[in-house]
Structure formats: C-alpha cells, structure tokens
Amino acid sequence: MVEGFAERPMNSPLVNLRGVQALLSKTSLRGQPVMRWLFAAALLALSFAVRYLLDDRLPVGFPYLTFFPAVIITSFFAGVVPGVAVAFLAGLFAWYFFIPPFDSFALTGGSTLALSFYVFIVAVDILLIHWMQLALDRLEIEKESAARHASERDLLFRELQHRVSNNLAVVSSLLNAQSRGTTSTEASAVLQQASARISLISKIQRQLHDPGRQSLDMGPYLTQLGPDLLEASGVTNVRYEVDADAVEVSAELAVPLGLIATELISNSIEHGCADGRAGRIVVELSRRDPGDSDSRETPLRLTVSDDGPGWPEGFSVSSSRNLGMRIVASLTEQIGGVFEISNAGDAVSTLRFSMRDELAN
C-alpha cells in the first residue's frame, strides 16, 4: 500500500528534510560571501588549535579527529566551496603536524594510507552535503512556486466572488427599479421580494470571500439579518432577539439556510406584527441530540417565533399558495431537512436539519 503524504510518519525522510531546510534557512551563510569565508577560517583555526592542544593526550592514529567536524560543519553552513577549502588545508595541517614523520610532507606507506582514507571520507561527506543542499534548494523553489500559485488562486477566487456579488447586486437593483415602474401592486410586491432575495444571496457571497474558510458563522449573521429586514420593512416597534449556538455552516448550506431564515422572519414581520402592532420575534439556532453516537452528522434546529395571532387554523405549508412558504418548503427539501409549524403560545416555525461534523465543530 502506498502511503499518502498526510499519512507519512513524523520521522519520514521528507519531514526530516523539511526540518533541516528550516534550520539551514535560518543559519546558512551561503548567501554571505565574506561571512562564510570568515566562518570557514575561524572553524579551521579552532579545529587546528584543539587538535594541537590534544596532541600529547591522543594516541597515534587520530590525526583528523577535530578536522572531520570542521569540514562537515563548514560545508553545511558555509557551502561546498569553503568546505573543500577547509578539507584541503586541514589535510595539509594533519599531514605535516600529526602524521609521522612529523613536521614533514614526506610520504610513507602509513601516511599514504591515512591521507587516502581522509580524502575518501571528506569527499563522501562533502558530496552528501552538496546533494542535500541541492535537494533543499529545489524544495525551496517548489515551496515558493506553490505559495505563488496559491496566492494567485486566492486572488482569482476573491475576484470571482466579488464579480458574482456585484452581478447579483445589479440584478437586485434592476428588479427593484422595475418594481417601482410597474402599476400593478401585486407585481411590484413580487419584484421587490425577488430583489430582496437576490440581495440576500449577494450579501452571503460577500461574506464567503475567504477561499480558505468557505463557511459562515450563522450566529452573527442571524443577529444582523433581523434588523436589516425590519429596517427594509419600515417596522420600528418590534423587538428582535437571537439565541444561537456557535455553528458554522458550509457555503452550500449557508445560502438556502439564509433564505429560509429570511422568509420566516419576513413572514413574522408581515403577519405577526401587522398593522403597526408592537411585538417580539425570537430566532433560535441550537444543536439537537443526535441520538446515534456513531453519527457523523450534527442535527440542528432553527426556530423562528413571534407573539402575533398565530398560524391560521388548518394552515398547511405543503398546500400553501404563498410564494415565501413554497420557497421554504423547496429549500427545506433541498438541504434534507424537516419543516414544521405550530401555535405553542407563539406562532412557531421550526426547521430541523443536519450538517457534517467537520463543519459543525
């Protein structure tokens, strides 16, 4: 089975390479010509000084003890060229001072073997570090390219959302203008309602401009929705209350849910608080007990109630000719919900629906 990127263990080579890249990007001297050579010279001098001071305490056979780390560290932080320079000079120092015959560049069988061993080891070390740095450079280039493409995608997404919102706003304005130009009261009301619904969709689109978030917090949205509808209706003596749990819904669910809430609140304003009657509208959004502990969906309940005269006797949403109620019924079916009405002290409209846990949480 081939494991995906998200399934890689934390000690995988790719994860380790990214960790090395982060360390190297913070400490690398490869882009600083003067500093990297000063660093190489200082490390070479330090390694020679330590090896010279330890000469009397070390047995014969450790001429490169402090030079190997100097070559590796220099190659890693300062680059391959300073690493090669340190390796070459360190080899000369070890050959002259710490390989018999001492203080001489004379070659014997033992010194030839020691030098050959040293050249092989430092060559492998430098080549491995060079390969790793090339891989890190390619990774950085890919990272920058991915970030650039992501930025371009986000910009295009925001531009698309902005254009959609603007186009919807234009359509809403045209419908509103057409409603003022018609002589039929009924036609004018229908056009105004259509304009308001399209304006609502435009408003929701504007709140979904973030391509990384593509969800809407329904609590603040419902809190602002009521005052907007009351102001549009010219009603001033109605108290609007919201009690909403912290629930974020997806973009696909936000539009139909927003339209349903708009229709129910508008219905309460029109019928529950008609003729200038003072009243109260309460909107609640809460989580319901899922019942099934293994369910991957969270049941929710949206309730809109008002203290008006209540629903008419025998009223049925399914058989209603009211456009708003037909929209509510259609959208409820679209999101897989259940809509009910009742007169329990107040006129109550209840929508029960579910959403996936990754969004509900």
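Look a little higher up for the structure.
Every value quoted in this text rests on a predicted model; they were computed, and no experiment measured them.

About the criteria used
- Residues numbered from 1 in each chain as written.
- Predicted model: local features only at pLDDT ≥ 70, side-chain atom pairs only at ≥ 80, totals over all residues.
- Heavy atoms only, no water.
- Helix = DSSP H or I, 4+ residues; strand = E, 2+ residues; numbered from the N terminus.
- Buried < 20%, exposed > 50% of the residue type's maximum accessible area, 1.4 Å probe, protein only.
- Polar contact = N/O pair within 3.5 Å; in protein donor to acceptor, adjacent residues only side chain to side chain.
- Contact = heavy atoms within 4.5 Å.
- Phe/Tyr/Trp six-rings, centres within 6.5 Å; stacked < 30°, edge-to-face > 60°.
- Lys NZ or Arg CZ within 6 Å of the ring centre and 35° of its normal.
- Expected span 1.5 Å × (residues − 1).
- Arc of directions from axis to C-beta.
- Salt bridge = Lys/Arg side-chain N within 4 Å of Asp/Glu carboxyl O.
- Axes fitted to C-alpha atoms, helices over the stretch in contact; angles between N-to-C directions.
- Parallel < 35°, antiparallel > 145°, perpendicular 65-115°, else oblique.
- Left-handed = near helix turned anticlockwise from the far one by under 90°.
- Nonpolar A, V, L, I, M, F, W, Y, C, P; charged D, E, K, R; others polar.
- Core = buried A, V, L, I, M, F, W, Y, C linked by side-chain atoms within 4.5 Å.

Draft legend 1. Representation of the side chain of Ser268. Its location among the elements puts Ser268 in helix 8 (residues 251-272). Given the relative accessible area of 4%, Ser268 is considered buried. Polar contacts involving the side chain of Ser268 include one to the side chain of Asp306, which spans 2.9 Å. Beyond its immediate sequence surroundings of up to four residues, Ser268 is in contact with Cys273, Ile281, Val304 and Asp306.

Draft legend 2. Broad picture of the packing of aromatic side chains. Applying the stated criterion across every chain, the model contains 15 aromatic pairs. By the ring-pair criterion, three or more aromatic residues cluster together here, those being Phe48, Tyr52, Phe67, Phe93, Trp95, Tyr96, Phe97, Phe98 and Phe105. A cation over an aromatic ring shows up here: Arg51 above the ring of Phe98, its NZ or CZ 4.3 Å from the ring centre.

Draft legend 3. Structural context of helix 2 (residues 33-53). Its 21 residues place the ends of helix 2 31 Å apart at the C-alpha level, agreeing with the 30 Å of an ideal helix rising 1.5 Å per residue. The complete set of buried residues in helix 2 reads Arg36, Ala40, Leu43, Leu44, Ser47 and Arg51. Down the axis of helix 2, the buried set is contained in an arc of 100°. They therefore lie on one face. In this structure, helix 2 carries Val34, Leu38, Leu46, Tyr52 and Leu53 as exposed residues pointing more than 90 degrees from its buried face.

Draft legend 4. Here's a closer look at the pattern of salt bridges. Applying the stated criterion to the full structure yields five salt bridges. A salt bridge links Arg51 to Asp55; the shortest N-O distance between them is 3.2 Å. Residue classification places Arg51 among the buried positions, given a relative accessible area of 3%. In this structure Asp55 comes out as partly exposed when scored by relative accessible area, which is 29%.

Draft legend 5. Examining the side chain of Thr332 more closely. Looking at the element boundaries, Thr332 is found in helix 9 (residues 323-334). Those residues within four positions of Thr332 in sequence are excluded, and the remaining contacts are Ile260, Gly337, Val338, Phe339 and Leu351.

Draft legend 6. Quick peek at the packing of helix 3 (residues 67-78) against helix 4 (residues 80-98). Here helix 3 crosses helix 4 at 165°, and the two axes come no closer than 7 Å. Judged on the interaxial angle alone, helix 4 and helix 3 are roughly antiparallel. Crossing hand, helix 3 versus helix 4: right-handed. Judged by residue contacts, Phe67, Ala70, Val71, Thr74, Ser75 and Ala78 of helix 3 engage Val80, Pro82, Gly83, Val86, Ala87, Ala90, Phe93, Ala94 and Phe98 from helix 4. Within the contact of helix 3 with helix 4, the residues separate by chemical class into 12 nonpolar, three polar and no charged.

Draft legend 7. The arrangement of unusual backbone geometry in detail. Here Pro100 and Pro101 are connected by a cis peptide whose omega angle stands at -5°. Even without being glycine, Asp103 reaches a positive phi, approximately 55°. Here Asp103 is to be found in the loop between helix 4 and helix 5 (109-181). Under the relative-accessibility criterion, Asp103 is labelled partly exposed at 49%.

Draft legend 8. Spatial organisation of the nonpolar core. By size, the foremost hydrophobic cluster in this structure holds 41 residues, and its most contacted members are Met218, Leu222, Val249, Ile265, Leu302, Leu351 and Phe353. Those elements giving two or more residues to this core turn out to be helix 7 (218-233), strand 2 (238-244), helix 8, strand 4 (279-287), strand 5 (297-306), helix 9 and strand 7 (346-356). Among the elements that line this core, the one with the most residues is helix 8, at 10 residues. The next biggest cluster of nonpolar side chains, apart from the first, holds 21 residues, and it includes Leu43, Phe68, Val80 and Ala90.

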